[in-house]
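One-letter residues, chain by chain:
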Amino acid sequence: MELLIQTIINGLLIGGIYITISAGFTLCFGVLHVIDFAVGEWVMLGAFITFIISTSTHIDPFLLLPLIFVMFFIAGYLLQPTLQRVITKNKSNALLMALAFTFGISVLFKGAALTIWGFNERNLVTILSGKSISLLGINIPSLRLGTFVFAIIITIVFLWFLQKTRFGLAVRAAAERQDVAGLMGIDSNMINKVVYAIYTGLTACSGALIGAIFSINTEMGVRYTIFAFFVVVAGGLGSIEGAIVAGILLGLLNSFISVYIGGQYVFLVLFLFLYLILLAKPKGLLGKGW
Amino acid sequence: MAKGLSVKGLKVAYGNIEAVHGVSFEVNEGEIVTLIGANGAGKSTILRAVSGMIPVKEGTVILNGTEITSWPSHQITGLGMAHVPEGRGIFTRLTVLENLLVGAFKRKDKKEIDGDLDYVLGLFPRLNERKKQLAGTLSGGEQQMLAVGRALMTGADILLLDEPSMGLAPVLVESIFNICIDIAEAGKTILLVEQNAAMALAIADRGYVLETGSIAIHGDAEYLSKHPDVLNAYLGGAS
Ligand SMILES: Nc1ncnc2c1ncn2[C@@H]1O[C@H](COP(=O)(O)OP(=O)(O)OP(=O)(O)O)[C@@H](O)[C@H]1O
Ligand SMILES: [Mg+2]
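Okay, so let's go over this structure. Small disclaimer: the values here were computed from a predicted structure and weren't measured.

**Brief notes about the overall build of chain B**
When its secondary structure is counted, chain B shows 10 helices and 10 strands. Taking 18 Å as the expected radius of gyration for a compact globule of 239 residues, we find that chain B reaches 17 Å, a close match to that expectation. Considering only C-alpha atoms, chain B reaches an extent of 50 × 40 × 35 Å along its principal axes. Evaluated residue by residue, chain B yields a buried proportion of 53% over its 239 residues. Relative to all contacts within chain B whose residues are 6 or more apart in sequence, the contacts with residues 24 or more apart total 66%. When the accessible area of chain B is evaluated, it comes to approximately 10200 Å², of which 52% is carbon and sulfur surface.

Structure follows, in structure tokens:
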């Protein structure tokens, strides 16, 4: 019983981070119609940059999150026009072109990281590392709770921005019809740049949180690319609510599979689940996808 | 400076294929002007080029005295012209109210926006009842009202309407045309693209007949509705 509750709590806590990754990833797909193959590498880079800044300045990784967001926001903002050019040059194959381009980016990022940082594992240490809270016999690692809280705050701010601000309204309009949004005075090139920048910023922040929980290495990205695909497909392409539900589900599945079946089977069982979800609900868990 | 829209020698091409071959027309302040023509004549293409959705190959577009040829559409918004595109282009995943507010995206004056919102919701009581509803769940006629209302929310005085009657039941077609008259009486200028030539000519001051990318005939609505070619081709040969 205790193991079961522990497993559920661990799953929920880690699910928070998957939500943060997938909210940005989903928005990126919804507005730009780009499936970013490099999503995991943004996670990896976010973790590494946080590690480097944190070890050289001795500032806690949690406090570095705003800086990481800004740095990766700028990186995404500068990269997006190139991506946009690739898509608009070959409109009929836009989705494929975007996949090819972002696949190239991911190889480039990973190669560069390997060259610079090698294969060594690194650990991101925060004030919460190694501490834990005991509640009714259940042991909750403070770090996981802390990252969960941060992930949820980041996601709520993101949703608030999207649902309640004038700019968020423009983003949602452009997500549906860029040409008509243009008629309303919305500059979709600018929207595309900002959306991609928010996505890279959010993803890098998730990387910092993930780096605090698990160890950091240059190979870590692929895992999160696969996770992001799982969440976005299971939640329904383009549906942010669906991504939130699927993010929690992914956390729980991960936790249960690791405890009751074995860590090495995570991907196998995940994709079995994805297959079943797609059979039963081709438009995603909430039926709100494309 | 003369208010209104003036288009001279407009040519528009999709890739290598020219769809509009040097079209000139004018819409003066306070007028209802209609552009009629068969399927594929190039009516929507003209509107899209005028409002910057697609590039102009040749010619000039002048709006209220400012040349706006080939400006991107988001820069044209706010200069006094709004385009209600073919098929309405409603944001289905936004609420009715949000759709209207997107129309006011570029405007700063909160009071003016609220004033126009009241005007639009008064003009379309059905939208007022359904403010919080997702726009995708509206009926075709309601979506058309929303598209017109959203265009009004941009603060424009000149409306380009692309087949507002498309896909609507006859009763609704009539009410859409009545709305056009109401809007015109409120001081707006309208360029109305229609396949329903009879209805369009009934409410318009002037008209242009487009045939495969060129203007074949133009003149007063009265003159056009009696013109033998128009009668034969667009008014079903009725006398
Ligand atoms: N995106 C496009 N790419 C290529 N050709 C196009 C495109 N859109 C329209 N055309 C062509 O341009 C011509 C004019 O089309 P347009 O849509 O302007 O006609 P229309 O007068 O609005 O017709 P309808 O009454 O059916 O709406 C047609 O021959 C059409 O096939
Ligand atoms: Mg048309």
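There's more to say after this.
**With respect to the interface of chain A and chain B**
Contacts between the two partners involve 19 residues from chain A and, on the opposite side, 22 residues from chain B. Buried area between chain A and chain B, summed over both chains or domains, comes out near 1900 Å², and the portion from carbon and sulfur atoms is 63%. Among the residues chain A hides against chain B, the three largest losses belong to Glu176(A), Leu183(A) and Met184(A). Together they make up 37% of the total. Applying the counting rule to chain A against chain B returns 2 salt bridges. Between Glu98(B) and Arg172(A) there is a salt bridge whose closest N-O contact spans 3.0 Å.

**Considerations on the site of ligand 1**
All names here are of chain B. Residues in contact with ligand 1 amount to 13 residues; listed here are only the nearest, Asn39, Lys43, Ser44, Thr45 and Glu86. The backbone of alanine 41 places a nitrogen or oxygen atom 3.2 Å from an oxygen atom of ligand 1. A distance of 2.9 Å separates an oxygen atom of ligand 1 from a polar atom in the side chain of glutamate 163. Here the shell around ligand 1 is built from residues that sort into 4 nonpolar, 6 polar and 3 charged.

Each value, and the rule that gives it
Residues numbered from 1 in each chain as written. Chains lettered and ligands numbered in written order. Predicted model: local features only at pLDDT ≥ 70, side-chain atom pairs only at ≥ 80, totals over all residues. Heavy atoms only, no water. Helix = DSSP H or I, 4+ residues; strand = E, 2+ residues; numbered from the N terminus. Rg over C-alpha atoms; globule rule 2.2 N^0.38 Å. Buried < 20%, exposed > 50% of the residue type's maximum accessible area, 1.4 Å probe, protein only. Contact = heavy atoms within 4.5 Å. Areas by Shrake-Rupley, 256 points an atom, 1.4 Å probe, with all protein chains shown as cover. Buried area = accessible area lost by both parts, 1.4 Å probe. Salt bridge = Lys/Arg side-chain N within 4 Å of Asp/Glu carboxyl O. Near = heavy atom within 4 Å. Polar contact = N/O pair within 3.5 Å; in protein donor to acceptor, adjacent residues only side chain to side chain. Nonpolar A, V, L, I, M, F, W, Y, C, P; charged D, E, K, R; others polar.

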